[in-house]
Amino acid sequence: MKQYSKKAIASILLVLLTSLVCAFLVAGKFYISAGIAGIALLIEAWYLLRQMERSDRLFRQFVWSVRYSDFLASGKTPRENSEALPRELTEAMEDALLYYKKHLQQKESQLQYFQALANHIDLSVFVYSSETAQIEWMNQAAKIQTGLNFAETIDDLAAYHPELPARLRILHPGELSILQVRRQEDYSQLILSSMSFVVLNKPLTVVSMKNIRSVLENKETEAWQKLIRVLTHEIMNSMTPIVSLSELLKNKQASEEISEEDREEMNQAINTIFRRSSGLVRFVENYRKVTGIPTPVPEIIPVDSLLNSVVLLFREETDTIRILPSSSHLQVIADKTLIEQILINLIKNALDATIDCPDPLIELSAGINAEGKTFIQVKDNGTGIPADVQERIFIPFFTTKPVGSGIGLSVSRQIMYMHKGSLTVISEAGKGSRFLLTFA
């Protein structure tokens, strides 16, 4: 840079000196010498102009290369134009271009890597603008699934399924939506999910589509298998003695003489048949309760009044049941009758779990969890639930009680699912249990 500055100053001084000489010669009427000096002045001016043009062209080439990532716009590098600019400056420009080129190549490699990765997965993914609904990108799985090699907006996805564009417009980030798609003889169960982000002040939405038909069918099969096992077990337990006793009665009736002892045996058999038949009828009625939950009628319910109304039903247990203070403004939108049914069932279970405790205690509380959702908790200091049993207590007809239908917790969980909430348990054997009703 110093050398370039010296050359520039020398050129300027030379022009000034030549101009003075030319002026002196003209003033002294030395016209031939003045003409020669004028020609020299023109040559010097042309040389300076040429240097300026070359420098300007080199700078424009540098800016062009950076702006359009075009590193081959000129056959020469800045260093090869060192006569136009100082060596330090040309070296700095060339190093900057090389660094920028290397950095750009790394970004391009990363982009190609992630695109290849996104195209390799079997999950359909596409990105569209949240403002204009214009599709920015689709992976290969999405193209194969929709049969569209190109889609300009999400409205073009109607060619795959007429309801898909409308579903995408109402699908909020973090939500899940299931869409059934029938294609000729085959159909798919698609689960849609989305997330939003902003790139260069441009809001974008990423949508994923996954066919979960096989998963749902497997879960449905498992559920039917569990139900069939339960039904088979209960029905066979009732029908086997009924058939056996009926055959005994038939043989006794066929005999000509019936003794008093046989008559007594027949009466016992008839009573047994009646008892087992009644038990089978009760089982079927309980099954109807599991499958016949009424549709919730939601309303705004203050949580404190809900807990107080439930506790009033257990007046004899006032020393055992306690309501912990909570924010009085807590409210839930739910069917009051159905939620009361859940709480009554949980309190009854807690009373059974604490029946052998020297100081039984059942605590009802409410609050807001870390996700901002309202919850109601029923906690006891009873016997607790073993870890291997906790996964089965919500299965219909499963019970650990000597006397019990095994449908209370199953019905309670179904009620919470119908409210788009959840019913979970946290328990440890010998240390009590906590049941959480979490509302959406």
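Everything numeric in this text was worked out from a predicted model, so none of it was measured.

So, on to the overall build of the protein chain. When you go through the protein chain residue by residue, the secondary structure sums to 11 helices and 12 strands. Counting every position in the protein chain, which comprises 440 residues, the buried fraction comes to 32%. Long-range pairs, those at least 24 residues apart, make up 54% of the contacts in the protein chain between residues at least 6 apart in sequence. Total accessible area computed for the protein chain in this model is approximately 28700 Å², and 58% of it derives from carbon and sulfur atoms.

Another aspect to go through is the pattern of salt bridges. Per the stated rule, a full pass over the model turns up 5 salt bridges. Measuring nitrogen to oxygen at the nearest pair gives 2.9 Å for the salt bridge that ties Asp 155 to Arg 169. Taken together, the residues span a long stretch of sequence, with Asp 155 in the loop between α4 (140-146) and α5 (164-170) and Arg 169 in helix α5 at a distance of 14 residues. Ionic pairing is found between Glu 163 and Arg 167, a salt bridge with its closest N-O pair at 3.7 Å. In this structure Arg 167 comes out as partly exposed when scored by relative accessible area, which is 23%.

Formed by 38 residues in total, the largest nonpolar core has its most connected members in Ile 339, Leu 343, Ile 376, Phe 435 and Leu 437. At 8 residues, helix α9 (residues 336-353) tops the list of elements feeding residues into this core. In this structure Leu 343 touches Leu 306, Leu 307, Val 310, Ile 376, Val 378 and Leu 437, once residues within four positions along its chain are discounted. Counting residues in each nonpolar core, the second largest holds 20 residues, with Leu 148, Ile 154, Leu 164 and Leu 192 among its members.

We now examine a nonpolar patch on the surface. The grouping of Ile 9, Ile 12, Leu 13 and Leu 16 at the surface amounts to a nonpolar patch, some 400 Å² of accessible area in total. Mapped onto the fold, Ile 12 is located in helix α1 (residues 2-27).

This part is about the packing of helix α8 (residues 303-311) against α9. Their axes nearest at 10 Å, the elements α8 and α9 cross at an angle of 55°. Considered as vectors, α8 and α9 are oriented oblique to each other. Between α8 and α9 the crossing geometry is right-handed. Contact residues: Leu 306, Leu 307, Ser 309 and Val 310 in α8; Lys 336, Ile 339, Glu 340, Leu 343, Ile 344 and Ile 347 in α9. The class makeup of the residues in the contact of α8 with α9 is 7 nonpolar, 1 polar and 2 charged.

To continue, consider the sheet that holds strand β12 (residues 433-438). Strands sit in the order β7-β9-β10-β12-β11 across an open sheet of 5 strands; the sheet is mixed. The two strands at the open ends of the sheet, each matched to only one other strand, are β7 (321-323) and β11 (422-427). Each adjacent strand pair in this sheet contributes to an overall mean axis angle of 20°, direction not counted. In this sheet, strand β10 (residues 374-380) lies alongside strand β9 (residues 362-368) in antiparallel orientation, the contact comprising 7 bridges. By the bridge assignment for β10, Gly 367 is matched with Phe 375. Relative to β11, helix α11 (residues 408-418) is tilted by about 130°, and along the sheet it contacts β11 and β12.

For α9, with 18 residues, the first-to-last C-alpha span of 26 Å sits near the 26 Å given by 1.5 Å per residue. Among all positions of α9, only Leu 338, Ile 339, Ile 342, Leu 343, Asn 345, Leu 346, Ile 347, Ala 350 and Leu 351 are buried. Sitting at the amino-terminal end of α9 is Asp 335, which places a side-chain oxygen 3.1 Å from the backbone nitrogen of Thr 337.

Residue Leu 200 is not a glycine yet carries a positive backbone phi of 55°. Here Leu 200 is to be found in the loop between β4 (186-199) and β5 (202-211). A relative accessible area of 82% means that Leu 200 is categorised as exposed. The backbone phi angle of Lys 420 is positive, close to 60°, even though this residue is not glycine. The residue Lys 420 is located in the loop between α11 and β11 in this model. Taking relative accessible area as the criterion, Lys 420 reaches 70% and is therefore assigned exposed.

Attention now moves to the pairing of strand β1 (residues 124-129). Most of β1 is tucked away: 6 of the 6 residues are buried. Where burial is concerned, the two faces of β1 agree: the one with Ser 124, Phe 126 and Tyr 128 and the one with Val 125, Val 127 and Ser 129 are both buried. As paired strands, β1 and strand β2 (residues 135-138) are joined by 3 bridges and run antiparallel to one another. Residue pairing across strands places Val 127 opposite Trp 137, the latter belonging to β2. Two successive antiparallel strands, β1 and β2, enclose a turn made up of 5 residues, where Ala 133 displays a positive phi of approximately 65°.

What counts and what doesn't
- Residues numbered from 1 in each chain as written.
- Predicted model: local features only at pLDDT ≥ 70, side-chain atom pairs only at ≥ 80, totals over all residues.
- Heavy atoms only, no water.
- Helix = DSSP H or I, 4+ residues; strand = E, 2+ residues; numbered from the N terminus.
- Buried < 20%, exposed > 50% of the residue type's maximum accessible area, 1.4 Å probe, protein only.
- Contact = heavy atoms within 4.5 Å.
- Areas by Shrake-Rupley, 256 points an atom, 1.4 Å probe, with all protein chains shown as cover.
- Salt bridge = Lys/Arg side-chain N within 4 Å of Asp/Glu carboxyl O.
- Core = buried A, V, L, I, M, F, W, Y, C linked by side-chain atoms within 4.5 Å.
- Patch = residues over 30% accessible without salt bridge, like charges linked within 9 Å, V, L, I, M, F, W, Y side chains within 5 Å.
- Axes fitted to C-alpha atoms, helices over the stretch in contact; angles between N-to-C directions.
- Parallel < 35°, antiparallel > 145°, perpendicular 65-115°, else oblique.
- Left-handed = near helix turned anticlockwise from the far one by under 90°.
- Nonpolar A, V, L, I, M, F, W, Y, C, P; charged D, E, K, R; others polar.
- Pairing = 2+ DSSP bridges.
- Expected span 1.5 Å × (residues − 1).
- Polar contact = N/O pair within 3.5 Å; in protein donor to acceptor, adjacent residues only side chain to side chain.

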